[in-house]
Amino acid sequence: MINVKTGAAAAAFAMIANTVSAEVEITWWHAMGGALGDTVNQIAEDFNASQDDYKITPVFKGTYEETLTAGIAAFRAGEQPNVLQVFDAGAATVIGAKGATVPVQDLLEQNGVAFDIEDYISGVRYFYADSDGKMIGMPFNSSSPIMYYNVDALEKAGVTPPKTWEEFQTVTAPALKEAGYIGLSQSHLPWIFTENFHSRHDLPFATNDNGYEGADGTKILVNNDAIKAHFTAVKDWKDNGFFEWYGTGWSDNQTPFEEGKVAIWLGSSGSFGGLSKKDLPFEFSATFLPYWEAVTKEPKQTFIGGAALFAMAGKSDEENKATAAFFEFLTKPETQYMWHRETGYVPITTAAYEMAKGDGHYDRAPAAEVGIKQLSLPAGENTKGYRMGFYVQIRDVMNREYGRILTGETSVEDAFKAIEDEANGLLERFAKTQS
């Protein structure tokens, strides 16, 4: 005679055991703190709740630099996470580390997930791709530098947002100064006034197709007349009270804008969500980055900043399948729209962008669309981004020399020669690590 209670208990136990054994666990190391970290946790919770086969655990590892360093150390020790968030300046390091990652395009296709790079918005598609156009890292918190402005300040000064830098320095800035405002601040000189300066004006930033063709022989091309003229103008603006530089910290330059002291702030499109939730003493809006008409009559798109998610190598087929499932979930229009709506980062796919438009998001918040529109402007030969190793250190050199320009410690000419020499030395050292 069968013991019904015992049989039922055994069946229940077997069911639980099968469920536990079927759930594959993976980890995600990231650099999103504060409210962004809360949204990352929500994405993970939503993914875990959407199915019963996989569970992802997000782990905050500190700053971008700290997360990259932790990821490299963990890989060397054979203890790497399944998914590692890597910021734009560190992309070449992780992509160049042979055998460290599984290209996201390969991962998805090998696990039966449909992939078409054309599904991603222009300006996002190729930043984390290789020279053949294969996507290596999954774009995640993608943003572009845009121009935020204090609507009340510009109305008081009787001006409109400048389309060109010529207009800013001859019309906008003098009027804003007369109205009691500092005209401009910005929060990342290498990203906004260097990397995207080259993209906006379609100027080459490095040899070897801006570094995408490989590290060997890549040289930086930052020591050119156009950008030196730009920094000469920036220094003049500072001397005339049209521009102020408060330091290399992001909030150093954003805070004076939020306080109403600075009328125009160049920052990340990803800052829109945070700004919208603050009780600012004025109305704000945003538009495209200005350009120099003397350099180009046809300004181009900018490219993304932020970071991507990389699938780390050395994992089992089951875990790789789980990672592919998570990436598939991450790129769903609903997920991307939630991320975009909550944070201000751009939705990386056209489908998510269309969902946001269909929901009336941009009718309610027109400035939230600026970054996407700017990323969707006409492309050029030099607009997909850059791929240079040891670029975190190169940015440090730029920040040092730009600070010295703005404080009068060095000339523009000497600063850019120093950047060129030290950057090319770093690029040469990086190339040796790839051979």
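In this text the structure is predicted, and so the values were computed from the model without any measurement.

> When you look at the overall build of the protein chain in this model, what are you seeing that I'm missing?
In terms of regular secondary structure, the protein chain is built from 19 helices and ten strands. Computed over C-alpha atoms, the radius of gyration of the protein chain comes to 24 Å, within 12% of the 22 Å expected from 2.2 N^0.38 for 435 residues, which places it in the range of a compact globule. Overall size of the protein chain, expressed as C-alpha extent along the three principal axes, is 95 × 50 × 35 Å. Taking all 435 residues of the protein chain together, the buried fraction comes to 56%.

> Whenever I open this one, the environment of valine 102 confuses me. Can you help?
Relative to the elements of secondary structure, valine 102 occurs in strand S4 (residues 101-102). In this structure valine 102 comes out as buried when scored by relative accessible area, which is 17%. In this structure the C-alpha to C-alpha distance between valine 102 and alanine 313, which are 211 residues apart in sequence, comes to 5.5 Å.

> Sorry, what's going on with helix H18 (residues 391-406) here?
Residues spaced three or four apart along an α-helix face the same direction, because each turn holds 3.6 residues. Spanning 16 residues, H18 covers 22 Å between terminal C-alpha atoms, matching the ideal 22 Å at 1.5 Å per step. Here H18 has its buried residues at Tyr391, Val392, Ile394, Arg395, Val397, Met398, Glu401, Tyr402, Gly403, Ile405 and Leu406. Its buried side turned inward, H18 meets helix H3 (64-76), strand S3 (83-87), helix H8 (189-200), helix H10 (225-239) and helix H19 (412-434). One or two residues past the end of H18 sits glycine 408, with phi positive at roughly 75°.

> What is the right way to look at the side chain of serine 285 in this model?
In this fold, serine 285 is placed in strand S9 (residues 284-287). Those residues in contact with serine 285 that sit more than four places away from it in its chain are Met147, Tyr148, Tyr149, Val151 and Ala367.

> Help me out: how do you make sense of the confidence of the model for the protein chain in this one?
When pLDDT is low, close inspection of the predicted coordinates is not appropriate. On average, residues of the protein chain carry a pLDDT of 93, and 95% of them reach 70 or more. Counted against residues more than four places away or in other chains, residues 16-20, with its pLDDT under 50, gives zero contacts.

> How should the environment of alanine 157 be read in this particular structure?
Along the chain, the position of alanine 157 falls in helix H6 (residues 151-157). With 84 residues separating them along the chain, alanine 157 and alanine 73 place their C-alpha atoms 53 Å apart. Excluding its chain neighbours within four sequence positions, the residues that come into contact with alanine 157 are Ala175, Leu176 and Ala179.

> I would appreciate a short explanation of the pattern of salt bridges in the present structure.
Tallied over the full model, the rule gives 20 salt bridges. Between lysine 134 and aspartate 106 there is a salt bridge, with its nearest N and O atoms 3.1 Å apart. Taken together, the residues lysine 134 in the loop between helix H5 (104-110) and strand S5 (138-143) and aspartate 106 in helix H5 connect sequence positions 28 residues apart. By relative accessible area, lysine 134 is classed as partly exposed at 27%. The exposure class of aspartate 106 is buried, given its relative accessible area of 19%.

> What is the right way to read unusual backbone geometry from this model?
Glycine aside, the phi torsion of most residues is negative, and most peptide linkages are trans. Phi at asparagine 210 takes a positive value of approximately 55°, unusual for a residue other than glycine. Secondary-structure assignment places asparagine 210 in helix H9 (residues 207-210). The backbone of phenylalanine 390 shows a phi angle near 55°, a positive value even though the residue is not glycine.

> Honestly, a negative patch on the surface in this entry has me stumped. Any pointers?
Taken together, the side chains of Glu23, Glu25, Asp52 and Asp53 define an acidic patch exposed on the protein surface. Along the chain, glutamate 23 turns up in the loop between helix H1 (4-22) and strand S1 (24-30).

Criteria and cut-off values
Residues numbered from 1 in each chain as written. Predicted model: local features only at pLDDT ≥ 70, side-chain atom pairs only at ≥ 80, totals over all residues. Heavy atoms only, no water. Helix = DSSP H or I, 4+ residues; strand = E, 2+ residues; numbered from the N terminus. Rg over C-alpha atoms; globule rule 2.2 N^0.38 Å. Buried < 20%, exposed > 50% of the residue type's maximum accessible area, 1.4 Å probe, protein only. Expected span 1.5 Å × (residues − 1). Contact = heavy atoms within 4.5 Å. pLDDT = per-residue confidence, 0-100. Salt bridge = Lys/Arg side-chain N within 4 Å of Asp/Glu carboxyl O. Patch = residues over 30% accessible without salt bridge, like charges linked within 9 Å, V, L, I, M, F, W, Y side chains within 5 Å. Areas by Shrake-Rupley, 256 points an atom, 1.4 Å probe, with all protein chains shown as cover. Lys, Arg positive; Asp, Glu negative; His and termini not counted. Charge placed at Lys NZ, Arg CZ, Asp CG, Glu CD.

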